[in-house]
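# Overview (structure and organization)
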Amino acid sequence: MDQTVGRQPFRPEPVRDILPPTSAGRPMPDQVLRTSRRQWAGLHVLAARLLLLGLWTAATTAFGWTLYRVLSVESPTELQLVFLGLSTLCFAWVAIGSCTAVVGLIWLALGRRIDTLEAGPGDMPSGPTALLFPVYREDAELIAANISRIRRDLETSGAAHRFAAFILSDTQDALERRREERAFEGLCRPGSMPIYVRWRTPNAGRKSGNIRDWIERYGAAYPCFVILDADSVMSADTLLRLARAMEAHPRAGLIQTVPRLAGGTSLFARLQEFASGTYGPVLTAGLAAWQGPDGNYWGHNAIVRTEAFAGSAGLPTLRGRPPLGGAILSHDFVEAALLRRDGWEVHLVPSLGGSSEGCPPSLADLIVRDRRWAQGNLQHIRLLAVPRLALASRLHLAMGAFAYIASPLWALTLICGVVLAVQATYATPAYFGSEVSLFPKWPVFDAERALGLLIATIVVVHLPKLLGAAWCLRNPGERHRRGGVLRVAGGVAVESLLSTLIAPILMLTQTRAVLGVLLGADAGWGAQRRVGAEAPLADYVRQHRWHVACGLAGAAVCWAISPAVLAWMSPIILGLTLAPVLAMLTAAPARPALARLLAPQW
């Protein structure tokens, strides 16, 4: 691996590690992707899955059949059939989230326990737990502040002696390492919770290799470890409850919390925090209901059993060169699947609070992260054929890949729709076919049914938001805590409007990312920016010039066809044409009125 980052070459031993006096490693062999033990979920999980499958099948079938009736009263053309197939695929993808929200609301309304594992009182755990902070070119001051906050909370609770923190830096640049050393040296004072720092060279395997290196050096001394990102924070009560839950449930290999998005100041961050806080409860309740012990891992804010992870989740290197070969980038989904394959349970605990993280501060930062995730998630396609994975694990891997494949499919659907509109407007219809007929074949479609389908589709797309808002306002106490009906409705309206305009921008950037992966472009491993930075409008125009060009070209084509087609495409055209303005406005700090409207209430 090239150890040159920017203009500063790597120099050996630029800093001094601060590590435990003795090592206690645990072997972590690569997994052979050919053997496993089959595992089954409980009957209540099966019931949730059947409900989800029934709702999804009914909604997708109804959409496909209605669209078929809309496209042609007579026999449809080949292009219409292509449009039908693409549209149905896109709808089916959206319907999964909407049906999950319905299942979640039902489970919440019935008063069922939504956690897949009982995390009891935060009593003192018997064994030590490690807090791991994998670092790569992060804001060292932010990490130091978060660790100090966690340590103070643990000291207040009297449990600090049961935990140890490890800062595992993969930063290769010598000057950046020096900055990290200055930021971390004050943390490593003697105290009730020891804090260690390790700089790794070379940084083979990226984040998953970083964790493996720690396990093979120190893992045997810690029955469990908690993974935290640079912007992650967990309360002492949550850490204690997770550690005790691991001791109480010996088959639990991993317990994933639902981190609350917090700490953002830009409008873009506020939008994500509001969406997570308002729509998240019904979605995560639905996820927990149908996942059961076949849960997923999101890479951070989770506790992991060292024995399970070391014995089952050692990732092999995929054959071939990047982007689809080499190191597995989106390692978390794969590690969860391998844990479950070996009989370890992977749980989700949505009701457990005290877990938070930051979010991308701007659209540009989300796009950069998306490019890397697109590459990692598309690698999952190669793993779908691994024998005897749990059905839910295969579904997690497939959904991770389709989350990015959906964007080019949506783009193709729009192109097909515009071509069909051009044909209907300018092509000369073949009134008489080769068969003998006394009546001409007029190109017809059912306009009334088309309008009804459009309205139904809009409702399904926004259903998680509607259900999330309804759950927020379920009783007077919740309505008062969230600022009343008008405040929640106003927040949903603002978030829905801006997310609708941003969606076509992400569609094109994700389509470009998928094409880049398929053409062999490697995303690399860049640093993540946790804090936003404003820029002049000219910079955003340069960054989004191809979005604007696509929007203007689409507007010209649609106007040439008819004003009705332009109106139909207006949300996409507006989003693309206004991309620089949207990027600039959402990257700036949220105005006080908007900040209050979009403030999440946990």
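Described in the following lines is the structure provided in the data block. (Residues numbered from 1 in each chain as written. Predicted model: local features only at pLDDT ≥ 70, side-chain atom pairs only at ≥ 80, totals over all residues. Heavy atoms only, no water.)

## Notes on the pattern of salt bridges
Pairing between side chains of opposite charge can happen when the charged atoms of each approach one another. Under the definition given, this model contains 15 salt bridges. Notably, a salt bridge pairs arginine 474 with glutamate 478, separated by 3.7 Å at the nearest N-O pair. In this structure arginine 474 comes out as partly exposed when scored by relative accessible area, which is 38%. When the shortest N-O distance is used, the salt bridge between arginine 481 and glutamate 478 registers 3.0 Å. With arginine 481 and glutamate 478 both in helix H14 (residues 476-481), this residue pair falls three residues apart, about one helical turn. Assessed through its relative accessible area of 32%, arginine 481 is described here as partly exposed. What emerges from the salt-bridge pattern is a single network uniting Arg474, Glu478, Arg481 and Arg482. (Salt bridge = Lys/Arg side-chain N within 4 Å of Asp/Glu carboxyl O. Buried < 20%, exposed > 50% of the residue type's maximum accessible area, 1.4 Å probe, protein only. Helix = DSSP H or I, 4+ residues; strand = E, 2+ residues; numbered from the N terminus.)

## Side note on the packing of helix H2 (residues 78-109) against helix H7 (residues 267-291)
Interaxial distance between H2 and H7 falls to 7 Å at its minimum, and their mutual angle equals 85°. Here H7 runs roughly perpendicular to H2, going by the angle between their axes. In this structure, H2 uses Gly97, Thr100, Ala101, Val103, Gly104, Leu105, Trp107 and Leu108 to contact H7, whose residues at the interface are Pro281, Val282, Leu283, Ala285, Gly286, Leu287, Ala289 and Trp290. Class assignment for the residues of the contact of H2 with H7 results in twelve nonpolar, four polar and no charged. (Axes fitted to C-alpha atoms, helices over the stretch in contact; angles between N-to-C directions. Parallel < 35°, antiparallel > 145°, perpendicular 65-115°, else oblique. Contact = heavy atoms within 4.5 Å. Nonpolar A, V, L, I, M, F, W, Y, C, P; charged D, E, K, R; others polar.)

## Digging into the packing of aromatic side chains
Within this structure, the stated rule accounts for eleven aromatic pairs. Centroid distance tryptophan 65 to tyrosine 68: 5.6 Å. Interplanar angle 20°. Geometry classified as stacked. On the criterion of helical spacing, the pair formed by tryptophan 65 and tyrosine 68 is a turn pair, its members being three residues apart in helix H1 (residues 43-71). Judged by centre distance (5.7 Å) and plane angle (85°), the ring pair of phenylalanine 225 and phenylalanine 309 falls under edge-to-face. With a gap of 84 residues between them, phenylalanine 225 in strand E4 (residues 224-227) and phenylalanine 309 in helix H8 (residues 306-312) connect regions that are remote in the sequence. (Phe/Tyr/Trp six-rings, centres within 6.5 Å; stacked < 30°, edge-to-face > 60°.)

## As for helix H4 (residues 174-184)
Residues that lie three or four places apart on an α-helix share one face, since the helix turns once every 3.6 residues. Looking at H4, one finds that the buried residues are Ala174, Glu176, Arg177, Glu180, Ala183 and Phe184. Residues of H4 that are buried in the fold lie against strand E1 (129-135), helix H3 (140-157), strand E2 (163-169) and strand E3 (195-199). Capping the start of H4, aspartate 173 holds a side-chain oxygen 3.2 Å from the backbone nitrogen of leucine 175, two or three residues further along. (Polar contact = N/O pair within 3.5 Å; in protein donor to acceptor, adjacent residues only side chain to side chain.)

## What to know about unusual backbone geometry
Along the chain, threonine 201 connects to proline 202 via a cis peptide bond; the corresponding omega equals -5°. Here proline 202 shows up in the loop between E3 and helix H5 (206-218). A cis amide bond links proline 322 with the next residue in sequence, proline 323, at an omega value of 15°. Examined against the element boundaries, proline 323 turns out to sit in the loop between H8 and helix H9 (331-341). Unlike most non-glycine residues, asparagine 301 shows phi in positive territory, near 55°. Phi at arginine 388 is positive, roughly 60°, even though this residue is not glycine. Inspection of the secondary structure assignment puts arginine 388 in the loop between helix H10 (363-379) and helix H11 (391-426).

## Some points on the pairing of strand E9 (residues 345-349)
Where burial is concerned, most of E9 is hidden: four out of the five residues are buried. Strand direction decides the pairing type here: strand E6 (residues 252-257) and E9, joined by five bridges, are parallel. Its bridge partner being in E9, leucine 254 is matched across the sheet by valine 346. (Pairing = 2+ DSSP bridges.)

## Examining the sheet that holds E1
The seven strands are arranged E3-E2-E1-E4-E8-E6-E9 in an open sheet whose pairing can be described as mixed. Edge positions in the sheet fall to E3 and E9, since each of these pairs with one other strand and no more. Direction aside, neighbouring strands of the sheet carry axes that sit 20° apart on average. The strands touched by helix H6 (residues 236-248) are E1, E2, E4, E6 and strand E8 (302-305); relative to E6, the strand with the most contacts, the crossing angle is about 155°.

## Here's the deal with the environment of glutamine 543
Structurally, glutamine 543 is set in helix H16 (residues 537-543). Once the C-alpha coordinates of glutamine 543 and alanine 583 are considered, the two residues, 40 residues apart in sequence, prove to be 9.5 Å apart.

## A closer look at the sheet that holds strand E7 (residues 260-261)
One open sheet holds the three strands; their spatial order is E5-E10-E7, and the pairing between them is mixed. Only two strands of the sheet have a single partner each, and these edge strands are strand E5 (233-234) and E7. With two bridges joining them, E5 and strand E10 (residues 355-357) adopt antiparallel strand pairing. Bridge assignment links methionine 234 to a residue of E10, and that residue is serine 355.

## Regarding H3
Taking 1.5 Å as the rise per residue, H3 with 18 residues should run 26 Å; its terminal C-alpha atoms sit 26 Å apart, in good agreement. Of the residues making up H3, those classed as buried are Ala140, Ile143, Ala144, Asn146, Ile147, Ser148, Ile150, Arg151 and Leu154. In this fold, the buried residues of H3 make contact with E1, E2, H4, E3, E5 and H6. By the N-cap criterion, in which a side-chain oxygen at the helix start approaches the backbone nitrogen of a residue two or three places on, H3 is capped by aspartate 139, the distance to glutamate 141 being 3.1 Å. Looking one or two places after H3, you find glycine 158, whose phi comes out positive at around 80°. (Expected span 1.5 Å × (residues − 1).)

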